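# Inside the fold
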Amino acid sequence: MEVSDLRVALFSGNYNYVRDGANQALNRLSGYLLRNGAKVRIYSPKSKTPAFPSTGKVVGVPAFPFPGRGEYRVPLGIPPKVQRDLREFGANIFHISSPEFLGHRAVTLARKWDVPIVASVHTRFETYFRYYNMAWLEPVVEAIIRRLYRRCDAIFAPSESMA
């Protein structure tokens, strides 16, 4: 397959809400793919005041503010309207960038539609519960994340330390 044949549906919980390393890496990835002839569409909560300009078209998904960290959003899934957009876009590969609800729904949808699914790992989400004094949840969260990533066709890490 040529790069120009790629139609990448990128699923991100917070594509441009916060200027952090993961979001900037995804923005650079989108730019790289677009410059090389691929088509890219980002499925993420949309911000009226993005932290940085988006590279690629962002299709909004429903979300609510993360409790205690309102600058982040918790996406709720992939509603029928967004599924129609995915079909019309003709995505031939799904890419999830975080193991939240949207990522889980994207993997399930990719499996249902028989579309290859890849993931990139940018953050150790399972460790967040330590910060909230709920470290006892870490093994449960690790199991959920492990199950998610095992359902993907490939997993990518942006650095050796993350791998």
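Residues numbered from 1 in each chain as written. Predicted model: local features only at pLDDT ≥ 70, side-chain atom pairs only at ≥ 80, totals over all residues. Heavy atoms only, no water.

## Section: the packing of aromatic side chains
As enumerated under the stated definition, the model contains 3 aromatic pairs in all. Look at phenylalanine 11 and tyrosine 43: their rings are 5.4 Å apart centre to centre, the planes differ by 25 degrees, and that puts the pair in the stacked class. Here phenylalanine 11, found in strand β1 (residues 7-11), pairs with tyrosine 43, found in strand β2 (residues 39-44); they are 32 residues apart in sequence, far enough to count as distant. The buried category is assigned to tyrosine 43, whose relative accessible area is 0%. Centroid distance phenylalanine 94 to tryptophan 113: 6.3 Å. Interplanar angle 70 degrees. Geometry classified as edge-to-face. Pair noted here: phenylalanine 94 is in strand β6 (residues 93-96) and tryptophan 113 is in helix α3 (residues 101-113), with a separation of 19 residues, a long-range link. As far as the burial class goes, phenylalanine 94 and tryptophan 113 line up, both buried. By way of ring pairs, the aromatic residues Phe11, Tyr43, Phe94 and Trp113 are connected into one cluster. Over the ring of phenylalanine 89 we find arginine 7; its NZ or CZ atom is 4.7 Å from the centre of that ring. (Phe/Tyr/Trp six-rings, centres within 6.5 Å; stacked < 30°, edge-to-face > 60°. Helix = DSSP H or I, 4+ residues; strand = E, 2+ residues; numbered from the N terminus. Buried < 20%, exposed > 50% of the residue type's maximum accessible area, 1.4 Å probe, protein only. Lys NZ or Arg CZ within 6 Å of the ring centre and 35° of its normal.)

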